[in-house]
Amino acid sequence: MAVEVIKSNCIGCGACVQACPFDALDLVDGIAVVDPEKCTDCGVCVGVCPARALHLEESKCSPNSKEQSCNVKIKEKQVDNSEISKYKGVWVYIEHSYGDIADVSYELLGIGRKLADDLGVKLAGILLGSDVKDKTKDIFEYGADQVYLVDDPVLKDYRTEAYSHCVESLVDKYKPEIMLMGATTQGRDLAGYVATKLQTGLTADCTELAIEQESRLLLQTRPAFGGNVMATIVCKESRPQMSTVRPRVMPMPEKRPGNKGEVIEEKNTLQEDDIATKILEIVSEGGGLVYLDRADIIVSGGKGVGSKENFKILQDLADVLGGTVGASRAAVEAGWMEQSRQVGQTGTTVRPKIYFALGISGAIQHLVGMQTSDVIVAINNDPDATIFNVANYGIVGDLKKIVPELTKELKKRLQG
Ligand SMILES: Cc1cc2nc3c(=O)[nH]c(=O)nc-3n(C[C@H](O)[C@H](O)[C@H](O)COP(=O)(O)OP(=O)(O)OC[C@H]3O[C@@H](n4cnc5c(N)ncnc54)[C@H](O)[C@@H]3O)c2cc1C
């Protein structure tokens, strides 16, 4: 049965035509028309239609449903039940560079600990690199029971083939049921490669992870269809169940000094000659880098700021507080701020101690990037703006008048 078009609702925007992975939709006289031969009932169009003009009978893909079960078939290697029961344990890929473990790896150890406890299994970190054995201490102190270590000069710098080869070999030998990676440049690259090689399911950019007790499946929740639905995705028939999570989405766990665990050392079986990628030079970008995800205080502005020049008011507030200026996508698209400062689904996810949302309406795509901030302060001239639903403190009024006053007062109190 193909998707049905409710003609009276269709506004002819073409969003469904663009979104359909099977070219099954077209606009005829400004109304969407479905080709039943091509339609697979995957439901992608239903989710993107802003006018609710598409209907999938008995669909679990309605834009309002929390649990998504779309019919898009992705090839996974099926593992039968007796095989599945051999997969045990939760693994976190430990990302590091220039001697530092990435914060996201610790955050994943925090959520990984909870998942492992719920399943009654061990939590392990996978540590690959050269001369990295001393880092195992931190991994245990952030909650791991075990570290799978491959320490070899060939692994000095991250290279997809080499790292993926090690992860695949470890998975083949030790069979974890869950594997978590940071949705960083490295994690995104590695996770996609490893999942494809292992022919298993990978859910990118998860914002929530939990265990369904009865089935022991990992419930992987992430925003889908431009943030209009939260999709909960499960990987039933292949292992490991793989997820990536963005930095700062999960809370940082408490460090437990002195916590110890077991190091399981494995050999790297790949020689330098087997690796096609050669690193000639590593060039670090000088200056101008914005570490929004590490900022404790973010002063963010949206379309309501009104102009590029007005962002000076936000910079003044940020300077007094020692914070960083962020922006909504609307402000970035207006050319008022650079993209590296964008907060939200297609920008950076942040979790500062204080987030100022100034002239930001609170669209879901913005909220998913900042709503876990410890304290949210919103200033908006519209009392009904959605941002007030997540704000701890709100002021209704013109930010151009309020923010300079706030800056003046804070300066007086903080700097005497
Ligand atoms: C796939 C997709 C991904 C997206 N990704 C992101 C993302 O990563 N980040 C993101 O931010 N958006 C993203 N968006 C866009 C998002 O849907 C919104 O359009 C955007 O967040 C709106 O930005 P805004 O709140 O600054 O602007 P608006 O929605 O225009 O809101 C401006 C607000 O300012 C208030 N205002 C106006 N003047 C003043 C004043 N003088 N004083 C006080 N308040 C005032 C208004 O009342 C209003 O609430 C995405 C959209 C899609 C479809």
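Residues numbered from 1 in each chain as written. Predicted model: local features only at pLDDT ≥ 70, side-chain atom pairs only at ≥ 80, totals over all residues. Heavy atoms only, no water.

**Student:** What am I meant to see in the site of the ligand here?
**Tutor:** Taken together, 26 residues surround the ligand, and among them Lys 303, Ser 328, Thr 346, Ser 361 and Gln 365 come closest. Here an oxygen atom of the ligand and a side-chain polar atom of Ser 328 are 2.6 Å apart. Asp 398 places a polar side-chain atom, nitrogen or oxygen, 2.9 Å from a nitrogen atom of the ligand. With the chains in place, 74% of the 980 Å² that the ligand exposes on its own is no longer accessible. At the level of secondary structure, the elements contributing two or more residues to the shell around the ligand comprise helix H9 (329–333), helix H10 (364–367) and helix H12 (399–415). In the shell around the ligand, the residues fall into five nonpolar, 16 polar and five charged. (Near = heavy atom within 4 Å. Polar contact = N/O pair within 3.5 Å; in protein donor to acceptor, adjacent residues only side chain to side chain. Areas by Shrake-Rupley, 256 points an atom, 1.4 Å probe, with all protein chains shown as cover. Helix = DSSP H or I, 4+ residues; strand = E, 2+ residues; numbered from the N terminus. Nonpolar A, V, L, I, M, F, W, Y, C, P; charged D, E, K, R; others polar.)

**Student:** I tried to follow the environment of Gln 220 on my own but got confused; where do I start?
**Tutor:** Among the secondary structure elements, Gln 220 is positioned in strand E13 (residues 217–224). Residue Gln 220 is classed as buried on the basis of its relative accessible area of 1%. Residues Gln 220 and Thr 184, spaced 36 residues apart in sequence, show a C-alpha to C-alpha distance of 18 Å. If we ignore the near neighbours within four places in the chain, the residues touching Gln 220 are Thr 203, Cys 206, Glu 208, Leu 209, Ala 231, Thr 232, Ile 233, Val 234, Cys 235, Met 242 and Ser 243. Within the structure, Gln 220 has its side chain in polar contact with the side chain of Thr 203 (distance 3.3 Å). There is a polar contact of 2.7 Å between the side chain of Gln 220 and the side chain of Ser 243. (Buried < 20%, exposed > 50% of the residue type's maximum accessible area, 1.4 Å probe, protein only. Contact = heavy atoms within 4.5 Å.)

**Student:** Looking at this structure, how should I read the pattern of salt bridges?
**Tutor:** Taken as a whole, this structure holds 24 salt bridges when the rule is applied. For Glu 272, the salt bridge identified is with Arg 159, shortest N-O distance 3.0 Å. Remark: Arg 159 occurs in the loop between strand E9 (146–151) and helix H6 (160–174) and Glu 272 occurs in the loop between strand E16 (262–265) and strand E17 (297–301); sequence separation between them is 113 residues. Between Arg 216 and Glu 177 there is a salt bridge, with its nearest N and O atoms 3.6 Å apart. Of this pair, Arg 216 sits in the loop between strand E12 (208–212) and E13 while Glu 177 sits in the loop between H6 and strand E10 (178–182), and the two are 39 residues apart along the sequence. The exposure class of Arg 216 is partly exposed, given its relative accessible area of 31%. Take Glu 177: its relative accessible area is 5%, and that puts it in the buried class. (Salt bridge = Lys/Arg side-chain N within 4 Å of Asp/Glu carboxyl O.)

**Student:** It is not clear to me how the sheet that holds strand E19 (residues 354–358) should be interpreted in this structure. Could you clarify?
**Tutor:** One key point about sheets: their strands pair by backbone hydrogen bonds, in either a parallel or an antiparallel sense. The strand order E18-E17-E19-E20-E21 describes an open sheet built from five strands, whose pairing is parallel. For this open sheet the edge positions go to strand E18 (324–327) and strand E21 (393–396), each flanked by a neighbour on one side alone. The average undirected angle you get between the axes of adjacent strands in this sheet is 15°. In this structure, strand E20 (residues 375–380) lies alongside E21, joined through four bridges in parallel fashion. Looking across to E21, one finds that Ile 379 is bridged to Ile 395. Along the sheet face, H12 touches E19, E20 and E21 and points at about 135° away from the line of E20. (Pairing = 2+ DSSP bridges. Axes fitted to C-alpha atoms, helices over the stretch in contact; angles between N-to-C directions.)

**Student:** Help me understand the sheet that holds strand E5 (residues 90–93), please; the structure alone is not making it clear to me.
**Tutor:** In spatial order, the strands read E11-E15-E10-E5-E8-E9-E16; together these seven strands make up an open sheet with parallel pairing. The open sheet has two edge strands, strand E11 (202–206) and E16, and neither has a second partner. Taken pair by pair, the neighbouring strands of this sheet meet at an average axis angle of 25°, ignoring direction. In this sheet, strand E8 (residues 123–129) lies alongside E5 in parallel orientation, the contact comprising four bridges. Counterpart to Tyr 93 in the pairing with E8 is Ile 126. Against the sheet, H6 makes contact with E5, E8, E9, E10 and E16, and its axis sits at roughly 145° relative to E8, the strand it touches most.

**Student:** How should the domain arrangement of the chain be read in this particular structure?
**Tutor:** With domains assigned, the chain is organised as domain 1 (4–55), domain 2 (84–271) and domain 3 (297–415). Put simply, the middle of domain 2 and the middle of domain 3, counted by C-alpha atoms, are 33 Å apart. The partner domain 3 presents twelve residues to the nine residues of domain 2 that form the contact. For the pairing of domain 2 and domain 3, the buried interface totals around 840 Å² over both sides, and the portion due to carbon and sulfur atoms is 43%. The tally of links from domain 2 across to domain 3 stands at zero salt bridges. There are six residue pairs in polar contact (both at pLDDT 80 or more) connecting domain 2 and domain 3. A class-by-class count of the residues in the side of domain 2 that touches domain 3 yields five nonpolar, two polar and two charged. (Domains from an automatic or database assignment. Buried area = accessible area lost by both parts, 1.4 Å probe.)

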